[in-house]
Amino acid sequence: PTRRARELCVRFAHRELDWIEKWAPFKACIQMEGEELDPMIGEDKPQAALDLHEEVIARYKNSAAPEHQRLCAVVGAIAQVLKDQGLPASATAYFAAAMSSLERQCNNSGAAEDPVTTALCTFLAMVLPRTPLSVLKSKARASLTLLVTLSGKDTICPGTLKAALSCIAFMLRVADKSDWPSIAAPYAVLVKHCIDRRPKIRKRAHQCTAEVLSLFQGSQLLSIASEAIVSLLEQSLMVVGGRNGVSSTEKGRTGSEITGALEVLHILNAFKLLLPLMSGKSIGKSLVHFITLLEFQQPFLTREVLNTVQPLFTSATADIPAKDLVNALGKLTVLLDQDKKAVDESTIAARVLLYGMKRLHTIDQDASALTLPTVFHSLAGLLASEHAEAMFGAAECLKNLIQSCIDETMIQKGVYRSDLVGESWNSCPTPIERVCAIADIILGYQYGGAWDMSLQVISALFDKLGRNSFNLMAGTVRNLADLQELSDENMTCRKQLHQTIGSAIAAMGPDQFLTLLPLDIDCEDLSKSKLWLLPILKQHIVGSRLTYFAESILPLALRLQERAQKYSADGQMVAARKSESCAQSLWALLPSFCRYPRDTAESFYLIAKALGDALSKESKLRGIICHSLQVLIEENKEACGYAACAKRKRCTEDAVVDRTADENVKAYYTESVAIANLKVISSFSRNFLPLLFNIFIASPADKRGDLQDTIGGLASIADKSIVKSFFVAVMQKLLKSTKDASGLVRQKGVVPMDIIGPNKEESVTSRRCVFMDLAASLLEGLDEEGVNMLFTATKPALQDGEGAVQKKAYKVLAILCKDHAEFLVKRAREILELLLMTMPSCHFSARRHRLNCLIYLILHLFQSGEQRTEEVLSSFISEIVLATKESNKKTRNAAYDSLVQLGYSLSNANNGASRENLLKLFNMVVGCLAGTTPHMISAAVTGLARLIYEFADLCDTIPDLMPSIILLLRSKNREVIKSVLGLIKVAAARQPVAALEQHLQSMVKSLLLWSDDSKNHFKAKVRIILEMLVQRCGTQAISLVMPEQHMKLLVNIQKRKKFKEKRKSSMEDNGLESKSILSDGGTARHSRWSHRQYFSDDNGEDDDSLDNESSKLGKNNSLKTSQTKSQDATSRSRKQLKKSLSMRQILEGPGLGDSEPLDLLNIQRTRSALSVPKPRKMESRSDDLEIAPDGRIIVPDNDHNGTGQSKRKRHGEDTDDERKFDSCSARSKYSGASNQHRKFSNRAANSERMRVSQRKKKKLDVGWAYTGEEYANKKGTAQGDVKGKRKLEPYAYWPLDPKMLNRRKEKKVAARKGLSSVLMLTKKMQGMSATKALRLRSTRQGKPKPHKGFKGKNKGKSR
């Protein structure tokens, strides 16, 4: 302690003990019984006091701050005095000592500035929560008087005042609340310091006052305490407003006015915390004053008022008068309607309006309904703002208003009025109708820059209204259709438009929606129909009625099919195709109508017969119908509580259904409704199953997937007896086919696949496979006897010599093991023996399904706690590891998945030894390295890489394994080397840097053995691994272990790294995205396993390391999120600029005519003007060739001087042969052209049409190689080209080769070599006639053959 602290200890030691008699009645307090303590106030235990003393000393003894040293001195002195006097070190004794010392300090002059007073007040604030309640109550009045006296001193220091305010607030908690005069003065002290100039004092006063107001909740004192705070606000406002009555010459009031303004801001800051705790009457008065402050229209003051009101509106317990709240909201709407306001001000005001409306809706729903249209209109006006932030904020507030403040009562009132006719129709619109009208207005052209957000608001309104939107938003639906007619230039958010239309479809249903917007598809002229609605209907129909499809959509589709047949019979193929396409599109709506329909039990019979007829007659519709039945069955099964099925995801993957509509229909689908639906569907299974069987057998193999899934779905809900009867029939046919196959083998001694009928589908093997698929599809509806029967029939097929039969047998066995747990429990041992027996004879095509059987069996043994599990796993681990080297991708992935599933199963074991179990699996795979063949060693290395990639716990084993792996790099087998390089790549990415550096030297030395071997791209793979090591360990660490002869490689790696960083920085400066930006990151893995990334034969130049790949996937979402917001403003401003330019063109352009101006208030006229396409300017292109009706190219004479001589002739550069050739060709050209023009004079009108078609063809055929083959002479050995009928003049061109852009030199050289030969030949023939060109070609014997497109005349006319 300091010298001051020592003096303080001596003073306390020699002080008389009269403070004990006055402040420490602790003996009587200890004798009190039954006294209830405040849960925040501790008991009078000496140990607690000792803990307080020790706590203070331990906390501040090492602090160098003077106030902390004084606090320790005071606490130590008090504890020493208590010890010397033989008093217990209790909280009561500490309280009495602290209060006595404070009283003595207050009586001394200058005590307020004494640091000892600060230490005593701080210590008192720490003692009060531990002092008994009885002691505090008995000394509350005296304590508060002393603290008020102390805090009222003008010279009090801030530290003392802060502690004193905390003590006052605590003592007010225990004071007698019925005696307001005794607590009025302390409370006034707290309120007074809420506007103190010192920020820390002000903050402490705010907190203390809020604590006191929380104690007053529910009592009469709350209104009195609240009035004191309101009076403080009124006094500050009077000081500020008093300057209005003072002339400008009176300068004495300037200081007080500034002080009053600051006090207003301080009290507003205090109201953020205090206003929600005040009484309702005081809150109403405060809101009135806030409205007055808003009228000043000062931006800074307005923001402070809005920030003050926001906590009030968000508080769920604040007692806000509804009338005052409505007035405040009205003033805020006026503020939003002002033209000149800051962006942040508008955003805050919109948010405060939202919170206020939510609070008003909970207080008074009627007042909320009346206020909602006004608030909605003000917020909608912000959508026309020029600032993106204000538009975003307004759109979010509007959507929240729709969700929070529109209830069913308001909607029903609007629907009731919309149904009225006659005189009642002239009544005032209801609030919901006004809201819908405002929503219609925000689709106007003045909101064109914010249409994407306006459409989101309208979509939310459709979701809220549901089917009632048909009555309330019919005009909005039609306006959405008008927006669809706009061009892409004027409608830049078409995707959001379609989503909004989809929300309307999901809300009101397709029946009501198509009443407002009919498809108009049943007409001769399909150009006037709304075919664009079909894909939107397909995506968003949910919860509709099958009755509507059966009565409206299905007859229309049948009529279109009949019309297509009629057109086809009449030879109108284009019209027939259009009608057939429309019919197919209507049928494609069936799966959408099957998504949670509301009348399945009542209306399924209406479509059942039509579905059966279409299945049997229309092969193109079978996929649609099967998909529809699957959706219908799976959704009802899910509602009944069936186990989640993998088919469910596939059945609904195309649906883009609104979440609100989806939740509503799912709520309707109770278990009883779903059971009734399934009962009705299953009653038709007797009709559907035979039909599907026949179609399944007659269909090709690639068309049976949907049929098999549909058969399985129907079998799962059908009656067991029906399914069994069909299953017995299928098994009989399977048995017959098996007997036929075995009989043919005995007779001819060949495999059944060689004995086929007219086509392969009729072979015995294919029939066996078909019946096995049918039997497997019925598994979901079979009982135990049927499952056993199928297993018995499958066992001999597992050893069949045919790979296709084996594949189907293993597939059936895998389904049995996966979906029938009881079967697997009873037959596990038998299945194990069967798999062991069939291991040598397994066909490669069946290996994937065999792996599935193995993994299901081994996982079952793990879960059941079988003791032989490890023995079984060791028996099959080599087979699983070898499967990782399969050429078939699905088999290879199945092997990887098997290893991963085994690892997770072992690591999640319940025996508490997860790591040990995982290491056992790892060691089993390591044991495969002892294989005798390179193929086995390579497979083991691949399996190890997959396990290390997946499980971080195995990274600790890499250092022990690495020497053996590095040793394998000296192998001469390239398959082993490729696998080892992949494992090292995984280890370099997953292993910690410290462990990686242990084997860095041997690893780099062994890798460099293959750094010059380009075969299998080993050179590139080694380079990539070295780059990863440089990134992980650093350049210095790699340079220390790099041999001298390979240092150039390291230098090149550094150069490339710097180049990439430089390019990255330059692209970032330019605001462009680059791959390096996305791929620069750490080593955390988020990506999926990729066999190609580590073990493929590619050169790997484009493959990033594991850390780059992981960061690419890990940062992609965050990067998109961060960039989206920053780019939205730019894109929106561009859209607004583009919109304004197009609007200006429409308003100023000549397309509207000069007689009548455009009425901008007429939305329909404006939209029709926007939908008018702009006239295209006819551009004169110099490269457009004139084509005669017969297809000849007419070359015009470019003689601008009228001399009749070409440019070449004027310069005298042609030879005699060229003159002869040119004159002959000129005579034939002009005479031929004139003759053809005279011959085809009646077709001159088609010339322009042919020119347009040729131009379109030229644009479509970009990149197509015209080599001149079609003009080559096929007869004899004559040279030159031959022109056929209706062909152009012979020509050819050399197509651009994309290999020239390849970074690899060998690719570039190959491309340039071919092009260079063409360029050389063209250069030699430059300026020659066709005769000389042919003569030159005939003399080129023994030279490289030119491109085949350059023959004869093509050489002179190559393009």
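Keep in mind the model is a prediction, meaning the values are calculated, not measured. (Residues numbered from 1 in each chain as written. Predicted model: local features only at pLDDT ≥ 70, side-chain atom pairs only at ≥ 80, totals over all residues. Heavy atoms only, no water.)

### So, the packing of aromatic side chains
Convention followed: Each Phe, Tyr or Trp ring, with Trp reduced to its six-membered ring, pairs with another whose centre is within 6.5 Å; inter-plane angles below 30 degrees give stacked pairs, above 60 give edge-to-face pairs, and intermediate values give tilted ones. Where helices and strands are cited, they refer to DSSP runs of H or I of at least four residues and of E of at least two residues respectively, numbered from the N terminus. Burial classes follow relative accessibility: with a 1.4 Å probe on protein chains only, a residue under 20% of its type's maximum area counts as buried, one over 50% as exposed, and anything between as partly exposed.
Overall, the coordinates contain 14 aromatic pairs when judged by the stated rule. Measuring from centroid to centroid gives 6.2 Å for Y187 and F216, while their planes differ by 50°, and the two rings are tilted. Highlighted residues: Y187 in helix α11 (residues 180-192) and F216 in the loop between α12 (199-215) and α13 (221-241), separated in sequence by 29 residues. No difference in accessibility class separates Y187 from F216, as the two residues are buried. Of the aromatic side chains, those joined through ring pairs into one cluster are Y548, F549, W587 and F593.

### Quick word on unusual backbone geometry
One non-glycine residue, Q297, adopts positive backbone phi at about 55°. Relative to the elements of secondary structure, Q297 occurs in the loop between α15 (280-294) and α16 (299-314). A positive phi angle, near 55°, is found at D520, a position not held by glycine. Mapped onto the fold, D520 is located in the loop between α26 (494-516) and α27 (533-540). The class for D520 is partly exposed, based on a relative accessible area of 37%.

### Re the nonpolar core
Definition in use: Definition used in this section: a nonpolar core is a set of buried Ala, Val, Leu, Ile, Met, Phe, Trp, Tyr and Cys residues joined via side-chain atoms within 4.5 Å. Contacts are assigned to residue pairs with any non-hydrogen atoms lying within 4.5 Å of each other.
With 338 residues, the main nonpolar core has F290, L379, F513, L537, W587 and L1029 as its most contacted residues. If we skip the residues at most four places from it in the chain, L1029 touches A988, L996, L1000, M1003, V1004, L1007, G1034 and I1038. With five residues, the next largest nonpolar core counts A506, V542, Y596 and Y669 among its residues.

### Considering the packing of helix α9 (residues 140-151) against helix α10 (residues 158-174)
How we decide: Note on definitions: angles span 0 to 180 degrees between N-to-C directions of axes, and those axes are lines fitted to C-alpha atoms, for helices only across the stretch in contact. When describing relative orientation, an angle under 35 degrees is termed roughly parallel and one over 145 degrees roughly antiparallel, while 65 to 115 degrees is termed roughly perpendicular and anything else oblique. The sense of a crossing depends on the near helix, which, turned anticlockwise from the far helix by less than a right angle, makes the crossing left-handed and, turned clockwise, makes it right-handed.
Look at α9 against α10: their axes get within 10 Å of each other, and the N-to-C directions meet at 155°. When the axis of α9 is compared with that of α10, the two are roughly antiparallel. In the packing of α9 onto α10, the handedness of the crossing is left-handed. Across the interface between the two elements, A140, S143, L144, L147, L150 and S151 of α9 pack against T160, L161, C167, I168, M171 and L172 of α10.

### Some thoughts on the side chain of H289
The topology assignment puts H289 in helix α15. By relative accessible area, H289 is classed as buried at 17%. Ignoring sequence-local partners within four residues, the contact set of H289 consists of V230, L233, E234 and L237.

No statement about biological role is implied by the geometric values presented.
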